[in-house]
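Letter by letter, the chains look like this.
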Amino acid sequence: MTAQTIGFIGLGNMGGPMAANLVRAGYRVQGFDLSADSLTMAAAEGVVPAGSALAAAEGAHAVVTMLPAGAHVRRVWSDLVEAVTPGTLLIDSSTIDVESAKVAHASAEARGCLAIDAPVSGGTGGAKAGTLTFMAGGTAEAFARAESILKAMGRSLFHCGEAGAGQAAKICNNMILGISMIGVCEAFALGEKLGLSHQALFDVASVSSGQCWSLTSYCPVPGPVPASPANNGYRPGFSAGLMLKDLRLAQAAAGSVHATTPLGAEAAQLYALFEGLGHGSEDFSAIIGMLRGRASGGETP
Ligand code: NAD
């Protein structure tokens, strides 16, 4: 049987390793990126380099996009839907605004294509290891068609609802994460001033009502969770800049449906301040430094 062909557009930090995993799973992957370096790196992993997004989609059964923001996805999809044959499956795994996702779905459906928004969590580590979580929005038919492709790049797949539901799930989850990380950082900064050791606070809170992922899997101080970025100079991980992007998407979505999200708004402001101080490329847990009233997240008291 001939291998199915997948077009892959956007071969950056996430898209590059995701496309490589599709190659490993036996797909023929035709890739395109505006960056020649990204294209060269993907080619070294077995991706067939294409000269344009449309060339990458030529003859493809499915096309995956992994792009920076909604404007990029709208632009690329508006060209794609004119070029691919009806029935082609289009998957957008970028994290984008819900509105752009719905516009992209509508343009695909108008041309007889199947579409899903399928943003991911798991970061670059998950993209390389093929252990991403996909949260998808779209019809049951489109999700069923996408399943085997997504499984080649991830471990957990969730069909969250209709068009845009994947993006909605992603930004709601990351709003919880941004808020909870700030809460955990504030507790450690307070504990330090009260003379409480990091380990003592961790031991109590990790088995008490303060328990959450930001504490037990991603502890923002060095020591209690050896794999957390705090033990690695706050190298990401998940950068503060990407957290700010997702918190802003959550705020835009909240505004569009008149939802009240005061802590989400505050978290967005704090990460904007942190980025403005020059820390956007540090891990998002490094915000503990700013909450201590210091210039850098990397310092311990
Ligand atoms: P990235 O900047 O490394 O990659 C994006 C790539 O898209 C770049 O290589 C860029 O050259 C390319 N690109 C832009 N416009 C293009 C176009 N018109 N045609 C072809 N290529 C184009 O970003 P990333 O870290 O790979 O993130 C991609 C998406 O995944 C973003 O939406 C991000 O929010 C989301 N995401 C990232 C992470 C993470 O940890 N990096 C985690 C979850 C989700």
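Note that this is a predicted model, so its numbers are computed, not measured.

**Points about the pairing of strand E4 (residues 62-65)**
Then, number 1: Burial along E4 is two-sided: Ala62 and Val64 and Val63 and Thr65, pointing in opposite directions, are all buried.
Then, number 2: Judged from the four bridges that link them, strand E1 (residues 5-9) and E4 form a sheet pairing that is parallel. Looking at E4, one finds that Phe8 is bridged to Val64.
Then, number 3: Inspection of the sheet shows E4 paired to strand E5 (residues 89-92) by four bridges, in the parallel sense. Each residue of the ladder has a partner; that of Thr65, found in E5, is Asp92.
Then, number 4: A crossover connection joins E4 to the parallel E5 through helix H4 (residues 70-83); in handedness this β-α-β unit is right-handed.

**Topic: the pattern of salt bridges**
Then, number 1: If you walk through the whole model with that rule in mind, you get three salt bridges.
Then, number 2: Here Glu82 and Arg111 are joined by a salt bridge, their closest N and O atoms 3.7 Å apart. One end of the pair, Glu82, is in helix H4; the other, Arg111, is in the loop between helix H5 (98-110) and strand E6 (114-117), and 29 residues separate them in sequence.
Then, number 3: In this structure Arg111 comes out as partly exposed when scored by relative accessible area, which is 38%.
Then, number 4: Here Glu192 ties to Arg292 by a salt bridge, and the two come within 2.8 Å at their closest N and O atoms. Of this pair, Glu192 sits in helix H8 (residues 165-193) while Arg292 is found in the segment after helix H13 (287-291), placing the two residues 100 residues apart along the sequence. The residues Glu192 and Arg292 share a single accessibility class, namely buried.

**Digging into the site of the ligand**
Then, number 1: Surveying the vicinity of the ligand reveals 23 residues, the closest of which are Asn13, Met14, Asp33, Leu67 and Lys245.
Then, number 2: Between an oxygen atom of the ligand and a main-chain N or O atom of Pro68, the distance comes to 3.2 Å.
Then, number 3: Interatomic distance of 3.0 Å between a backbone N/O atom of Thr95 and an oxygen atom of the ligand.
Then, number 4: Burial of the ligand by the protein amounts to 84% of the accessible area it has alone, namely 830 Å².

**A short note on H5**
Then, number 1: The terminal C-alpha atoms of H5, which comprises 13 residues, lie 18 Å apart, in line with the 18 Å expected from a rise of 1.5 Å per residue.
Then, number 2: Residues of H5 that are buried: Val98, Ser100, Ala101, Ala104, His105 and Ala108. For H5, the arc enclosing every buried residue in end-on projection is 160°, short of the 170-degree limit, so these residues lie on one face.
Then, number 3: Just past H5, the residue Gly112 takes up positive phi, approximately 75°.

Reading the values: rules and limits
Residues numbered from 1 in each chain as written. Predicted model: local features only at pLDDT ≥ 70, side-chain atom pairs only at ≥ 80, totals over all residues. Heavy atoms only, no water. Buried < 20%, exposed > 50% of the residue type's maximum accessible area, 1.4 Å probe, protein only. Helix = DSSP H or I, 4+ residues; strand = E, 2+ residues; numbered from the N terminus. Pairing = 2+ DSSP bridges. Right-handed = clockwise from strand over helix to strand, strands pointing away. Salt bridge = Lys/Arg side-chain N within 4 Å of Asp/Glu carboxyl O. Near = heavy atom within 4 Å. Polar contact = N/O pair within 3.5 Å; in protein donor to acceptor, adjacent residues only side chain to side chain. Areas by Shrake-Rupley, 256 points an atom, 1.4 Å probe, with all protein chains shown as cover. Expected span 1.5 Å × (residues − 1). Arc of directions from axis to C-beta.

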